[in-house]
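The chain contents come next:
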Amino acid sequence: MRDLSRHAPTSEQRSSAGASLASGPASPFGVRRLAAARFALAALALAAGLIAAGCAPFSGNGSSGVASPTATAQAAPASPIQGQLAEAVHFAVWGLGVQKIDTAYDATNASVKVQITLGGSVPNTDAKVAAAQELTKAFCLMAQQALWTSGVRLTEANVIIMGPVQEEYGGYQNGVYGTSAVKAGTAQGIKWAAAGIDDTWQRYDDTFLQSVFVLFDGP
């Protein structure tokens with residue numbers, strides 16, 4: 001398992017992203033740095049809402065629904081292209097309470113699937129559900145933006161957000177919080193550096209948001 005924490009953006013990198021865009025046409029990496037910084041702020045704001053609601057994104061151990069934070073885990077890439085994509089996504093969501101990132105690149109059709117696993121307590125009130133859904137959309141945007149500005153030619157990118165749910169018999173496990181699929185034609189029409197969470201969500205080729213996180217209602 002490779003530790004990509006050394007690739008985390010420094011304050012100098014984040015502040016220089018705005019200057020690179022202001023000086024002229026931005027490179028894909030410059031766009032990614034600026035957008036990652038802006039989306040990170042949005043996600044952190046949503047995370048603050050989750051903390052207030054009692055379902056902050058921390059790493060879970062699957063037994064209680066609440067656990068202590070841990071470093072983001074990133075599997076070793078199977079190929080240089082997969083590594084490039086994995087690093088781009090890790091750079092975008094680093095430090096935002098992500099428990100694990102799995103990136104799988106299919107060279108036969110130039111598609112990629114990214115699974116981001118969150119932790120924390122199960123969203124079990126209307127406010128917590130709404131906050132979890134907004135955070136899911138934010139993470140989808142950060143990941144999609146990172147993939148489509150990575151410099152890798154893709155035909156399709158699928159992002160899956162996972163997190164803790166309460167199962168039928170009262171136990172806890174990871175379940176799907178939401179998904180987003182974007183094809184190349186759609187991605188080309190999105191201005192990723194200026195993309196907003198909600199309007200971009202409406203433009204994806206396919207989406208899903210979970211609305212039920214508690215399957216066990218008690219005796």
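**Describing the nonpolar core**
Within the largest apolar cluster, 43 residues are counted, with the highest numbers of intra-cluster contacts made by I116, F139 and L147. At the level of elements, helix 3 (80–93), strand 2 (100–106), strand 3 (111–117), helix 4 (126–148), strand 4 (156–166), strand 5 (172–183) and helix 6 (197–201) are the ones that each hand at least two residues to this core. Considering each element in turn, this core owes the most residues, 12 residues, to helix 4. In this structure L147 touches L85, V89, V112, V114, L154, A157 and V159, once residues within four positions along its chain are discounted.

**So, the packing of aromatic side chains**
Tallied over the full model, the rule gives two aromatic pairs. Aromatic side chains Y177 and F213 sit 4.7 Å apart centroid to centroid with 70 degrees between the ring planes, which places their arrangement in the edge-to-face category. In this pair, Y177 sits in strand 5 while F213 sits in the segment after strand 6 (206–209), placing the two residues 36 residues apart along the sequence. Take Y177: its relative accessible area is 5%, and that puts it in the buried class. Ring geometry for W201 against Y204: centres 5.8 Å apart, planes inclined by 70 degrees, an arrangement best described as edge-to-face. Assigned by exposure class, W201 and Y204 land together as buried.

**Some points on the pattern of salt bridges**
For side chains bearing opposite charge, pairing can occur when the charged atoms are close. Under the criterion given, the structure shown has three salt bridges. Residues K100 and D102 are paired through a salt bridge, measuring 3.8 Å at the closest nitrogen-oxygen approach. For D102, a relative accessible area of 23% translates into the label partly exposed. Across the pair K137 and D198 runs a salt bridge, and its minimum N-O distance is 2.7 Å. Of this pair, K137 sits in helix 4 while D198 sits in helix 6, placing them 61 residues apart in sequence. Several salt bridges share partner residues, and in doing so they unite E134, K137 and D198 into one network.

Rules behind the numbers
Residues numbered from 1 in each chain as written. Predicted model: local features only at pLDDT ≥ 70, side-chain atom pairs only at ≥ 80, totals over all residues. Heavy atoms only, no water. Core = buried A, V, L, I, M, F, W, Y, C linked by side-chain atoms within 4.5 Å. Buried < 20%, exposed > 50% of the residue type's maximum accessible area, 1.4 Å probe, protein only. Helix = DSSP H or I, 4+ residues; strand = E, 2+ residues; numbered from the N terminus. Contact = heavy atoms within 4.5 Å. Phe/Tyr/Trp six-rings, centres within 6.5 Å; stacked < 30°, edge-to-face > 60°. Salt bridge = Lys/Arg side-chain N within 4 Å of Asp/Glu carboxyl O.

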